Amino acid sequence: PPAMSRRVVRQSKFRHVFGQPVKADQMYEDIRVSKVTCDSSFCAVNPKFVAIIVESGGGGAFIVLPLAKTGRVDKNHPLVTGHTAPVLDIDWCPHNDNVIASASEDTTVMVWQIPDYVPVRNITEPVVTLEGHSKRVSIISWHPTARNVLLSAGCDNLVILWNVGTGEMLLALDDMHTDLIYNVGWNRNGSLLVTTCKDKKVRVIDPRKQQIIAERFAPHEGLRPVRAIFTREGHIFTTGFTRMSQRELGLWDPNNFEEPIALQEMDTSNGVLLPFYDADSSIVYLCGKGDSSIRYFEITDEAPYVHYLNTYSSKEPQRGMGFMPKRGLDVSKCEIARFFKLHERKCEPIVMTVPRKSDLFQDDLYPDTPGPEPALEADEWLSGKDAEPILISLRDGYVPIKNRELKVVKKNILDSKPPPGPRRRHSTCDSDFSQPALEEVLEEIRALKETVQAQEKRISDLENKLGQFTNGTD
């Protein structure tokens, strides 16, 4: 009968996505991963580097490793150590692979320029320090399409937007959250934010109008933290808990927040599920802190809307997780996601692949994806302009761009507070110091910098050569 021919199994090219850990020599070993209790992912990756928040006596630190530097990490490997209390969140700038922001318990946000070579000493001087929170800062997130716009959220229930290029505060969203903010996410073009909060509300916020445009009380009835992200279509995907402490996921239309598009119970566990979303494939990967598995689902426009694909299981629980942007993946291996799973003492990359027989570029798996060029300047965005991400093709793979310096130009330097202490008298510029003379000095500094970098590279090459000679002799 014709009824028999009805498709029983949903057609999807992602049904057979499978995860595989890399070989042992491709892991990053001997890293003292931070033990701070905080639902942050503790790890940030891009096509050049993996950054991990680490234990540090007294202050706050994270380590940055070039992606290729796998194996055992030298115990004297330099750290990024400018914070005076633990680092709680880190995020790579989407438009500059050498720039990373960190948020700390010391109430500040710092932005760092990471050189392409491995420095000899700890990096202690941020490019800019952003001060505006009165309590610890646990969330940071760069704007997806506007250059140098960074969001931070602190335990003072405050969300601040910064222009990193000038070091100034653009917007402060204060009277919106009545309790601790759990997470903040941008939509695809950075015109809206979604936030979750201890007061049980999920809010959709227009940051430039400083308005809450939609909110939903208790999308999940349990008391434990909720997470929320925007999907590409502008829907909101949430993870939370039922009243009986079952973990639950939901999909919502913010224009009709009352009824969920989908609501599914999962399992009983108290780990908060961190969602990692790939807009190109509409797959969301759920990683619970303390879980040893990654579950993944495809979000589509046909019922039940959130389709379970599979689970990657392992023996070891994860302490945190990094998620590679699409342009950092190996398209020749049909890799559609790569996670960087943190253990207590190591970081283990996990590769998600769609099995294909052909070696050719699979254009159905790799639609054009956001590249490193910003679509807007900070002031254009602030004045009300929106722009979709500028896309690139991955057909020939993505080659990271050489280090571009982040320049911070402080505005109206006289209006800002003078530096503390006796340095004050130098802060005003001597008018008889001519422009050409200044140019000359800057040129000289530039030349010195280049010499130092060349020497650093030479030293490191020599060290490597020496290492090859001494290998096996000690």
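Residues numbered from 1 in each chain as written. Predicted model: local features only at pLDDT ≥ 70, side-chain atom pairs only at ≥ 80, totals over all residues. Heavy atoms only, no water.

Time to look at the UniProt feature "repeat: WD" (unreviewed entry) in the protein. According to UniProt, the feature "repeat: WD" (unreviewed entry) maps to residues 80-114, 130-172 and 174-215 in the numbering used here. Note that residues 80-114 is 0% helix and 63% strand, and that its end C-alpha atoms are spaced 9 Å apart. Between the C-alpha atoms that bound residues 174-215 the distance is 16 Å, and the span itself is 0% helix and 52% strand. (UniProt positions renumbered as here; feature names shortened; annotations may be inferred. Helix = DSSP H or I, 4+ residues; strand = E, 2+ residues; numbered from the N terminus.)

In terms of burial, strand S14 (residues 159-163) is a largely internal element, five of the five residues being buried. By the alternation rule, side chains of S14 split into Val159, Leu161 and Asn163 and Ile160 and Trp162, which are all buried. Relative to S14, strand S13 (residues 149-154) is paired through five bridges, and the arrangement is antiparallel. When the sheet's bridge partners are listed, Ala153 is paired in S14 with Val159. Connecting S13 to the antiparallel partner S14 that follows it, the hairpin turn spans four residues, and Asn157 within it adopts a positive phi of roughly 60°. Both S14 and strand S15 (residues 168-173) contribute to a ladder of five bridges, which runs antiparallel. Considered in S15, the bridge of Trp162 is made with Met169. Count of turn residues in the S14/S15 antiparallel hairpin: four residues, of which Gly167 carries a positive phi of about 75°. (Buried < 20%, exposed > 50% of the residue type's maximum accessible area, 1.4 Å probe, protein only. Pairing = 2+ DSSP bridges.)

Moving on: the sheet that holds strand S26 (residues 293-299). Judged by pairing direction, the sheet is antiparallel, and its four strands sit side by side in the order S24-S25-S26-S27 without closing on themselves. Across the chains shown, the open sheet's two edge strands, defined by having one partner strand only, are strand S24 (273-278) and strand S27 (306-313). Within the sheet, the average angular offset between the axes of one strand and its neighbour, ignoring direction, is 25°. For S24 and strand S25 (residues 283-288), the ladder comprises six bridges, and the chain directions are antiparallel. In the sheet register, Leu273 faces S25, and the bridge partner there is Gly288. (Axes fitted to C-alpha atoms, helices over the stretch in contact; angles between N-to-C directions.)

On to the confidence of the model for the protein. For the protein, mean pLDDT is 90; residues scoring 70 or higher make up 92% of the total. Within the model, the stretch residues 416-431 combines pLDDT values under 50 with five contacts to residues more than four positions away or in other chains. (pLDDT = per-residue confidence, 0-100. Contact = heavy atoms within 4.5 Å.)

Moving on, we get to the sheet that holds strand S18 (residues 201-206). Strand order in the open sheet made by the four strands is S16-S17-S18-S19, with antiparallel pairing throughout. Where the open sheet ends on each side, the last strands, each with one partner, are strand S16 (181-186) and strand S19 (211-217). Pairwise comparison of adjacent strand axes, ignoring direction, gives a mean angle of 20° for this sheet. Where S18 lies against S19, six bridges are found, and the strand directions are antiparallel. What sits directly across from Val204, in S19, is Ala214.

This brings us to the packing of aromatic side chains. With the rule as written, the count across this model stands at 13 aromatic pairs. With centroids separated by 5.5 Å and ring planes inclined at 40°, the aromatic side chains of Tyr285 and Tyr296 adopt a geometry described as tilted. Here the residue Tyr285 occupies a position in strand S25, and Tyr296 occupies one in strand S26, the gap between them amounting to 11 residues. Through successive ring pairs, a cluster of aromatic residues spans Phe276, Tyr285, Tyr296, Phe323 and Phe339. (Phe/Tyr/Trp six-rings, centres within 6.5 Å; stacked < 30°, edge-to-face > 60°.)

Our next topic: the environment of Pro115. Within the element layout of this structure, Pro115 appears in the loop between strand S10 (108-113) and strand S11 (128-131). Taking the C-alpha atoms as reference points, Pro115 and Ile181, 66 residues apart in sequence, are found 33 Å from one another. Not counting chain neighbours up to four residues away, the residues in contact with Pro115 comprise Phe49, Asn98, Ile123 and Asn403.

Turning our attention to the pattern of salt bridges. Per the counting criterion, the structure on display carries 26 salt bridges. Notably, a salt bridge pairs Asp116 with Lys48, separated by 2.9 Å at the nearest N-O pair. One end of the pair, Asp116, is in the loop between S10 and S11; the other, Lys48, is in the loop between strand S3 (43-45) and strand S4 (49-54), and 68 residues separate them in sequence. The class for Asp116 is partly exposed, based on a relative accessible area of 35%. By relative accessible area, which is 13% here, Lys48 ends up buried. Of the charged contacts in the structure, one is a salt bridge between Arg203 and Glu215, with a shortest N-O distance of 3.9 Å. Placement of Arg203 in strand S18 and of Glu215 in strand S19 is noted, with a sequence separation of 12 residues between them. Each member of the salt-bridge network shares a partner with another, and the members are Asp199, Lys201, Arg203 and Glu215. (Salt bridge = Lys/Arg side-chain N within 4 Å of Asp/Glu carboxyl O.)

Let's shift gears to the nonpolar core. Ranked by size, the top nonpolar core spans 36 residues in total, and within it Ile31, Val50, Ile52, Phe62, Ile114 and Phe340 carry the most contacts. With six residues, the single largest contributor to this core is S4. Among residues more than four places away in sequence, those in contact with Ile31 are Ile52, Val54, Ile63, Leu65, Val73, Glu344, Arg345, Lys346 and Cys347. Core analysis: the next-biggest nonpolar cluster, separate from the first, contains 26 residues, Cys287, Ile294, Leu309 and Phe339 among them. (Core = buried A, V, L, I, M, F, W, Y, C linked by side-chain atoms within 4.5 Å.)

You can see Leu286 is positioned in strand S25. Aside from chain neighbours lying at most four places away, what touches Leu286 is Phe237, Thr239, Leu249, Met266, Leu273, Leu274, Pro275, Ser293, Ile294, Arg295 and Phe297.

Where burial is concerned, most of strand S29 (residues 335-342) is hidden: eight out of the eight residues are buried. In terms of strand pairing, strand S28 (residues 320-323) meets S29 through four bridges, oriented antiparallel. Note that in S29 the partner of Met321 across the bridge is Lys341. Here seven bridges tie S29 to strand S30 (residues 346-353), and the two strands are oriented antiparallel to one another.

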